[in-house]
Amino acid sequence: MAITISTAARNAAADAIVDLIDAGTGAGALLIYDGTRPPGPDTAVTTQTKLLEIELNEPAFGAATNGAAALDTNGLSSTGEANGTASWFRLVDSDGNGVIDGSVTATGGGGDLTLNTTTISIGLTVEITSGQITMPAGTA
């Protein structure tokens, strides 16, 4: 039988993870890349191209409800640093330590993070339309 956790535990887990992004002396950042996502945020980015970087609000996420913490997207936009198709992101703390990797899609695409477009070019303004970190409840 699989482990299941309460909503309170899911909220606590989500809050603890997103709080790591706010650790350090400044705001965390969102780095958006093309290519194949590495195995996890502890793995260095090697062959992927960073398409843009966005400094996050502090705090970066609101309090979790129903196991999900929503990214504060207010004012989150940046201009493209390179040309490519956004496919994944890395959330880092103010010291550049990786905390979370996830999928990127255009608005309505169902990714962990949604942008107004996944086709990035140098100088193009890209807006974050939504982002969320969800802790699973498990299944019995």
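Fair warning: this is a prediction, and the values are worked out from it, not measured in the lab.

Now for the packing of aromatic side chains. Centre-to-centre distance and the angle between the planes together describe a pair of aromatic rings. Scanning the model with the defined rule gives one aromatic pair in all. Where tyrosine 33 meets tryptophan 88, the ring centres are 4.5 Å apart and the plane angle is 15°; that geometry is what we call stacked. Here tryptophan 88 lies in strand E6 (residues 88-92) and tyrosine 33 lies in strand E1 (residues 29-33), a separation of 55 residues in the sequence.

On to the nonpolar core, then. Within the largest apolar cluster, 29 residues are counted, with the highest numbers of intra-cluster contacts made by Leu30, Ile32, Phe61, Leu113 and Ile128. Elements supplying a minimum of two residues to this core: helix H1 (7-19), E1, strand E2 (50-55), E6, strand E7 (98-106), strand E8 (113-115) and strand E10 (125-134). Of all hydrophobic cores here, the second largest spans five residues; its members include Leu31, Tyr33, Trp88 and Val92.

Rules of the game
- Residues numbered from 1 in each chain as written.
- Predicted model: local features only at pLDDT ≥ 70, side-chain atom pairs only at ≥ 80, totals over all residues.
- Heavy atoms only, no water.
- Phe/Tyr/Trp six-rings, centres within 6.5 Å; stacked < 30°, edge-to-face > 60°.
- Helix = DSSP H or I, 4+ residues; strand = E, 2+ residues; numbered from the N terminus.
- Core = buried A, V, L, I, M, F, W, Y, C linked by side-chain atoms within 4.5 Å.
- Buried < 20%, exposed > 50% of the residue type's maximum accessible area, 1.4 Å probe, protein only.

Remember, this is a structural readout, not a statement about activity or role.
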